[in-house]
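Remarks on the overall topology
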Amino acid sequence: MTLLAFLGALSLSVLAFELLSTFQNAFTVFGNNRLISASTSPATKRRSTWEALLVAILPSRFDPQQAKNMSDVISLLRRAGYPYDSPGEFYAVAMREFSLYLVVGGLLAGALAALNVLAAAPVIALIFAVLGLRRPYARLKMLARKRAESLRNNMLIGLSVLSALLSSGVGVQEALRRASSVGGPFCNLLGLLVARMEVDDFARAVEITRDHLPDVSDVEANLFLRDIHDFFANNRPVLSSVRGLQEAVHRAVVEQTEARAALVRQRAGLFGALAVVGLVLSIIAPFICAGMI
């Protein structure tokens, strides 16, 4: 009880300090707004006491300067299509989500402790703390998986446009630029490839584009980038490769659509059978209960 009272008093003191600091900053800005010129750069957002405490306790999870998984975060941001503007923004969101999960876990643990279920209270708090740490990374992986699915469908459109442009005699780099204007995950990668080729050599541009693939094991996308590299490195014809990839992607899209349709039919049949069983049980249940009475 002494420890709980200390933690409660510490939390209240931190809350009071944050409220007073917020009011003080608001009144200071309101009183001195006439002295601020238009050329003055906006002030950086000050971290709250709680965020500073989290950074001090877990710098490898929340501090962009000391995070051990910075390379993994950057890779996930690339694969997910940059849902956050920078790794710092991602870590700020991670701190907010961890705080939310920690509050919910603490409330549930407190409720269990009030009900004299003391053994389960720390377990619940630990589970919510772990979920709060893993949730931002799980969201990035989910976004990357969805982007990979969208890239496959958009790849069929992009390859069709690219094949038509190459067949009409348009140069490869110009065809890539025009196909990128279609929009979508794959066409955006084409735009990235063309943009990087204007400032880097083609090998470096291909590697940077490969790093932005939502699924690094995507066979068709890697084959396409290899064919582009072979064209600029060895002057290998690219039109036949694009047409072959177009047919392969079309077959893959058709197979995925058929697999989804089969899964829907399977689940619909299962739910229908369960509905029939429930209907039969609801009919015979009154007679069974009457016989037992």
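Further up the page is the structure itself.
Anyway, here's the lowdown on the structure attached to this text. All values reported here derive from a predicted model rather than from experimental measurement.

So, how was this worked out
- All residue numbers here refer to positions counted from 1 along the written sequence of the relevant chain.
- This being a predicted model, a pLDDT of at least 70 is required before a residue's local features are given, and a value of 80 or more before pairs of side-chain atoms are given or counted; all residues contribute to the totals for chains, interfaces and linings.
- Note that water and hydrogens are dropped before the side-chain values are worked out from all heavy atoms of the structure.
- Note on ring pairs: Phe, Tyr and Trp rings are taken, using the six-membered ring of Trp, and paired if centres are within 6.5 Å. Classes follow the plane angle, with under 30 degrees stacked, over 60 edge-to-face and the rest tilted.
- The secondary structure listing takes helices from DSSP runs of H or I that are at least 4 residues long and strands from runs of E that are at least 2 residues long, numbered from the N terminus.
- Each residue gets one of three labels from its accessible area relative to the maximum for its type: buried under 20%, exposed over 50%, partly exposed in between, using a 1.4 Å probe on protein chains only.
- The salt bridge criterion pairs a side-chain nitrogen of Lys or Arg with a carboxyl oxygen of Asp or Glu, the two atoms within 4 Å.
- Residues count as neighbours in contact if any of their non-hydrogen atoms are within 4.5 Å of one another.
- N or O atoms within 3.5 Å of each other form a polar contact, as long as, within protein, one can give a hydrogen and the other can take it, and as long as residues adjacent in sequence are counted only when both atoms are side-chain atoms.
- What makes a nonpolar core is a set of buried Ala, Val, Leu, Ile, Met, Phe, Trp, Tyr and Cys residues whose side-chain atoms join them at distances within 4.5 Å.
- Helices are assigned an expected span. That span is 1.5 Å times one less than the residue count.
- Lines fitted to C-alpha atoms define the axes, with helix axes restricted to the stretch in contact, and inter-axis angles between N-to-C directions lie between 0 and 180 degrees.
- Under this grouping Gly is polar, as are all residues other than the nonpolar Ala, Val, Leu, Ile, Met, Phe, Trp, Tyr, Cys and Pro and the charged Asp, Glu, Lys and Arg.
- In these notes the angle categories are as follows: under 35 degrees is roughly parallel, over 145 is roughly antiparallel, 65 to 115 is roughly perpendicular, and the rest is oblique.
- The sense of a crossing depends on the near helix, which, turned anticlockwise from the far helix by less than a right angle, makes the crossing left-handed and, turned clockwise, makes it right-handed.
- Throughout, the arc means the angular range of directions from the helix axis out to the C-beta atoms.

Examining the packing of aromatic side chains
Under the criterion given, the structure shown has eight aromatic pairs. Taking the centre distance of 5.2 Å and the plane angle of 75° together, the rings of phenylalanine 90 and tyrosine 137 count as edge-to-face. Here tyrosine 137 lies in helix α6 (residues 120-167) and phenylalanine 90 lies in helix α5 (residues 87-114), a separation of 47 residues in the sequence. Assessed through its relative accessible area of 1%, phenylalanine 90 is described here as buried. Between phenylalanine 231 and phenylalanine 232 the ring centres are 5.0 Å apart and the planes differ by 80°, which places this aromatic pair in the edge-to-face class.

Notes on the pattern of salt bridges
Scanning the model with the defined rule gives eleven salt bridges in all. Ionic pairing is found between glutamate 174 and arginine 178, a salt bridge with its closest N-O pair at 3.2 Å. Residue glutamate 174 and its partner arginine 178 are both found in helix α7 (residues 172-180); the two are separated by four residues, about one turn of the helix. Glutamate 174 sits in the partly exposed class, given a relative accessible area of 31%. A salt bridge links arginine 177 to glutamate 198; the nearest nitrogen and oxygen atoms lie 2.9 Å apart. One end of the pair, arginine 177, is in helix α7; the other, glutamate 198, is in the loop between α8 (185-197) and α9 (202-211), and 21 residues separate them in sequence. The exposure class of arginine 177 is partly exposed, given its relative accessible area of 32%.

A short note on the environment of asparagine 222
Considering the arrangement of structural elements, one finds asparagine 222 in helix α10 (residues 219-234). Linking asparagine 222 and arginine 210, residues twelve residues apart in sequence, is a C-alpha distance of 7.3 Å. Every residue in contact with asparagine 222, bar those within four places of it in the chain, is listed here: Arg210, Leu213, Val216 and Ser217. Within the structure, the side chain of asparagine 222 is placed 3.2 Å from the side chain of arginine 210, a separation counted as a polar contact. In this structure the side chain of asparagine 222 is engaged in a polar contact, spanning 2.5 Å, whose partner is the backbone oxygen of aspartate 218.

Thoughts on the nonpolar core
Core analysis: the biggest nonpolar cluster contains 30 residues, and Leu159, Leu162, Leu176 and Phe224 have the highest contact counts within it. Taken together, the elements giving at least two residues each to this core come down to α6, α7, α8, α9, α10 and α11 (239-292). Per-element tally for this core: the top contributor is α6, with seven residues. Setting aside residues no more than four positions away along its own chain, leucine 176 makes contact with Leu162, Leu190, Leu193, Val194, Phe224 and Ile228.

Section: α8
Helix length check: α8, at 13 residues, gives a terminal C-alpha distance of 19 Å against a target of 18 Å (1.5 Å per residue), a fit within 8%. By the burial criterion, the buried members of α8 are Pro185, Phe186, Cys187, Leu189, Leu190, Leu193, Val194 and Met197.

Regarding the packing of α7 against α10
For the pair α7 and α10, interaxial distance at closest approach is 11 Å and the crossing angle is 145°. Mapping the contact onto sequence places Val172, Gln173 and Leu176 in α7 and Phe224, Ile228, Phe231 and Phe232 in α10. In terms of residue class, the contact of α7 with α10 is made up of six nonpolar, one polar and no charged.

Considerations on the packing of α6 against α7
It is at 9 Å that the axes of α6 and α7 come closest, and there the two elements cross at 140°. In terms of their interaxial angle, α6 and α7 are classed as oblique. The hand of the α6/α7 crossing is right-handed. The segment α6 lies against α7, with Gly158, Val161, Leu162, Leu165 and Leu166 engaging Val172, Ala175, Leu176, Arg178 and Ala179. Within the contact of α6 with α7, the residues separate by chemical class into eight nonpolar, one polar and one charged.

Considerations on helix α4 (residues 70-80)
For α4, every residue scored as buried is listed here: Met70, Val73, Leu76, Leu77 and Ala80. Summarising the axial view, the buried residues of α4 lie within an arc of 125°, below the 170-degree limit, and thus occupy one face. The secondary structure elements touched by the buried residues of α4 are α5 and α6. Positive backbone phi, approximately 85°, marks glycine 81, located one or two places after α4.

Looking at unusual backbone geometry
It is generally the case that most residues other than glycine have a negative phi and that most peptide bonds are trans. The backbone of tyrosine 82 shows a phi angle near 55°, a positive value even though the residue is not glycine. Note on placement: tyrosine 82 falls in the loop between α4 and α5. Of note, the phi angle at asparagine 235 is positive, near 55°, even though the residue is not glycine. Summarising the element assignment, asparagine 235 is placed in the loop between α10 and α11.

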